[in-house]
Every structure is written in structure tokens, then in C-alpha cells.
Amino acid sequence: MSITESESNFNNLENLSTIELLQGINQEDQSVALAVQKAIPQIEKALETIVEKMKAGGRLFYIGAGTSGRLGILDASECPPTFGVGFDKVIGLIAGGDNAIRKAVEFAEDDTSQAWKDLQEYNISKKDFLIGIAASGRTPYVIGGLKIAQEKGIKTACITCNPNSEVVNVSNFPIEVPVGPEFVTGSTRMKAGTAQKMVLNMISTTAMIQLGHVKGNKMVDMQLSNDKLVDRGTKMIMNELMIAYEDAKKLLLKYGSVRKAVEAGKTN
């Protein structure tokens, strides 16, 4: 039996009190960060190629099913507002299409050819990089997509919580994060999902920093999509140029980004 399907360390959950359930879940969650830490060398190897591809104009793709697919879409969708990149720079795809983001699509993950069909709509090529996200490591949708991508010369990685699983065999850069049994047996939306989210955060954030979308520790290319972000950007400019709030805000609204506003302010 795979680790992600192994028996929970807790029994008779329905008989536990609210506080006992919460403490048990938290106790299990504390092992996740340590498991991710052990995978850092694997993540580093994948990132070296990811950044190289993206600096040359390539894109980063995620494919997954269920929770794994949703986490990939979440990470991809947050890159444009956070780092100011286009929506075509990091792309997340889920088995069953966009409808599966909110509602499970029965048997969508069992089609070994659908992921490649989905990827072809974006004209994926050797310039790009593909990550398959599969907690179990045996999702047909993910394995099929990675396998064909490799055959086409596209570099691949996987994020899985079962070591030596099938998905590793079709990944140039396997990232294995065994977090142990779930609090509710087999519910990989819990610890496995948390681990995958953490790895995705590390991958996209590190890539975007190395692509130049962060200055100091600030999101200087973030999109000004709401009042909170306009306020945050204004304060960044205030601190960088040592000017009043209103003057900083005028610069920000005129130039449309913290980076451009600061450059203009320094030039003037």
C-alpha cells in the first residue's frame, strides 16, 4: 500500500472532541514542513532548469487532477497579480477542465491521453517546462501527460508524496515529499495538499525572484488591482524615494507600477 493510502495514526475519529480533532490535525501538519525541507535539493535541481527555460522565453506548466490540479491552478493564477507577469507565463491545467475547479468531474483523471490534448491547446514545446502534480504518484492524467512530453523532448518534474511511484519514471526532476499517513485515511487534500502547496510556493516565488520581479523584498511589479495594493505600492514608493504619500500615489497611478514609478522618480 502507498504511503498516502496508509492507515491514519488516529482511530475512532467520530468519538473525539472538537479540541482533540483540532490538536490531532495540527499534530500531523507539523511534520509537513520537515518533509518539504528534505526535498529542497530536488526542488533546487528542477528550478535551475525552470529558470533557464523561463529566462529564454519559455513557460511553466502544471498538470494535475482533483486537489493537485486545483493547487496548480491556484499557484499559476496568483503569479500575474503578484509579480506582474502575463497570464500565459505560468499555466495550470486540471483533469476535467475548468468545471473541475469547483466540482469533481467523474473519471476525468483516468484518461491517459487528455493531459497532452490539453497541453497542445497552448502549443507546448521544448522551450517550456512541465510539472505534474500527483499526491499518489499514479494519476493516469498526469503520468500520460508527462510521458508524452518527455517523448517530445520537453523537460518534466513531478511533485508527489509517494516515493518511487509511477510518476517518477516520467520525470526528469522528481520531487518527492512523503508526509506519512493522513489524519483521515487517504484524504490527500490534507497533509499531501499542504506539502504540494508549499513546494509550489517555493518554485514560483524563487523563479519570479530570479527572473527579476522582486526588488529587495518587495513585489515591485505587482498589479494594482485593488485599493489595498495601490496603498501598498504607494508606501513602497514613499520609502524608496523619501517623498510624501500623495506624491508617491500620483507617481504610481501615472506610471502603473512600483518599479516604473521609482525609476521615474529617481530620474527626475
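Details of the structure are given in the entry above.
Now for a description of the structure that goes with this document. (Residues numbered from 1 in each chain as written. Predicted model: local features only at pLDDT ≥ 70, side-chain atom pairs only at ≥ 80, totals over all residues. Heavy atoms only, no water.)

**Let's talk about the overall build of the chain**
Part 1 of the argument: For the chain, the count of helices and strands is 11 helices and 5 strands.
Part 2 of the argument: C-alpha atoms of the chain, sized along the principal axes, occupy 65 × 50 × 35 Å.
Part 3 of the argument: Put simply, 67% of the contacts in the chain that link residues at least 6 apart link residues at least 24 apart.
Part 4 of the argument: Total accessible area on the chain is roughly 13,700 Å²; 50% of this is exposed by carbon and sulfur atoms.
Part 5 of the argument: When the 30 basic and 31 acidic side-chain charges of the chain are each reduced to a single mean position, those positions are 8 Å apart. (Helix = DSSP H or I, 4+ residues; strand = E, 2+ residues; numbered from the N terminus. Contact = heavy atoms within 4.5 Å. Areas by Shrake-Rupley, 256 points an atom, 1.4 Å probe, with all protein chains shown as cover. Lys, Arg positive; Asp, Glu negative; His and termini not counted. Charge placed at Lys NZ, Arg CZ, Asp CG, Glu CD.)

**Details of the sheet that holds strand β5 (residues 173-176)**
Part 1 of the argument: What the 5 strands build is an open sheet, ordered β2-β1-β3-β4-β5; its pairing is parallel. Bordering the open sheet on either side are β2 (90-94) and β5, each of which pairs with just one other strand. Strand-to-strand twist across the sheet, computed as the mean angle between neighbouring axes with direction ignored, equals 15°.
Part 2 of the argument: With 5 bridges connecting them, strand β1 (residues 60-64) and β2 associate as parallel partners. When the sheet's bridge partners are listed, Leu 60 is paired in β2 with Val 90.
Part 3 of the argument: Each of β1, β2, β3 (129-133) and β4 (155-160) is contacted by helix α7 (residues 140-151), which is oriented at about 160° to β3, the strand it contacts most. (Pairing = 2+ DSSP bridges. Axes fitted to C-alpha atoms, helices over the stretch in contact; angles between N-to-C directions.)

**Quick notes on the packing of aromatic side chains**
For any pair of aromatic rings, the description consists of the separation of the ring centres together with the inter-plane angle of the planes.
Part 1 of the argument: In the structure shown here, the tally under the stated rule is 3 aromatic pairs.
Part 2 of the argument: Relative to Tyr 122, the ring of Phe 61 has its centre 6.0 Å away and its plane inclined at 70°; by these criteria the two rings are edge-to-face. Here Tyr 122 lies in the loop between α6 (114-120) and β3 and Phe 61 lies in strand β1, a separation of 61 residues in the sequence.
Part 3 of the argument: Judged by its relative accessible area of 35%, Tyr 122 is partly exposed. (Phe/Tyr/Trp six-rings, centres within 6.5 Å; stacked < 30°, edge-to-face > 60°. Buried < 20%, exposed > 50% of the residue type's maximum accessible area, 1.4 Å probe, protein only.)

**Remarks on the pattern of salt bridges**
Part 1 of the argument: For the structure on display, the rule yields 8 salt bridges.
Part 2 of the argument: Between Asp 221 and Arg 259 there is a salt bridge; the shortest N-O distance is 2.7 Å. Of this pair, Asp 221 sits in the loop between α8 (191-210) and α9 (227-241) while Arg 259 sits in helix α11 (residues 258-267), placing them 38 residues apart in sequence.
Part 3 of the argument: For Arg 259, a relative accessible area of 26% gives the class partly exposed. (Salt bridge = Lys/Arg side-chain N within 4 Å of Asp/Glu carboxyl O.)

**Focus: the state of the cysteines**
Part 1 of the argument: The tally for this structure, following the rule as stated, stands at 0 disulfides.
Part 2 of the argument: With no disulfide partner, Cys 158 has as its closest neighbouring cysteine sulfur the one in Cys 161, 10 Å distant. (Disulfide = S-S within 2.5 Å.)

**As for unusual backbone geometry**
Part 1 of the argument: The backbone phi angle of Asn 12 is positive, close to 50°, even though this residue is not glycine.
Part 2 of the argument: Phi at Asn 164 is positive, roughly 60°, even though this residue is not glycine.

**Concerning the side chain of Glu 182**
Part 1 of the argument: Looking at the element boundaries, Glu 182 is found in the loop between β5 and α8.
Part 2 of the argument: When near neighbours in sequence (up to four residues on either side) are disregarded, Glu 182 contacts Ser 8, Ser 187, Thr 188, Met 190, Lys 191 and Ala 192.

**Concerning α9**
Part 1 of the argument: Its 15 residues place the ends of α9 21 Å apart at the C-alpha level, agreeing with the 21 Å of an ideal helix rising 1.5 Å per residue.
Part 2 of the argument: As for α9, its buried residues are in contact with α10 (245-255) and α11.
Part 3 of the argument: If you check the start of α9, you find a side-chain oxygen 3.1 Å away from the backbone N of Lys 228, and it comes from Asn 226.
Part 4 of the argument: Directly beyond the C-terminal end of α9, a positive phi value near 60° is found at Met 242. (Expected span 1.5 Å × (residues − 1). Polar contact = N/O pair within 3.5 Å; in protein donor to acceptor, adjacent residues only side chain to side chain.)

**Topic: the nonpolar core**
Part 1 of the argument: Counting residues in hydrophobic clusters, the biggest one holds 37 residues, and the most contacted among them are Leu 60, Tyr 62, Ile 131, Ile 175, Val 177 and Ile 203.
Part 2 of the argument: Secondary structure elements with two or more residues in this core: α2 (32-38), α3 (40-55), β1, α4 (66-83), β3, β4, β5 and α8.
Part 3 of the argument: Per element, the largest residue contribution to this core is 7 residues, and it comes from α8.
Part 4 of the argument: If we skip the residues at most four places from it in the chain, Ile 131 touches Ile 50, Leu 60, Phe 61, Tyr 62, Ile 63, Leu 146, Ala 157, Cys 158, Ile 159 and Ile 203. (Core = buried A, V, L, I, M, F, W, Y, C linked by side-chain atoms within 4.5 Å.)

**Side note on the packing of α4 against α8**
Part 1 of the argument: α8 packs onto α4 with a crossing angle of 30° between their chain directions and a minimal axis gap of 10 Å. Looking at the two axes, α4 sits roughly parallel to α8. Classified by chirality, the crossing of α8 by α4 is right-handed. Across from Ser 68, Leu 71, Gly 72, Leu 74, Asp 75, Glu 78, Cys 79 and Phe 83 in α4, the residues of α8 making contact are Gly 193, Gln 196, Lys 197, Leu 200, Asn 201, Ser 204, Thr 205 and Met 208.
Part 2 of the argument: Broken down by class, the residue content of the contact of α4 with α8 amounts to 6 nonpolar, 7 polar and 3 charged. (Parallel < 35°, antiparallel > 145°, perpendicular 65-115°, else oblique. Left-handed = near helix turned anticlockwise from the far one by under 90°. Nonpolar A, V, L, I, M, F, W, Y, C, P; charged D, E, K, R; others polar.)

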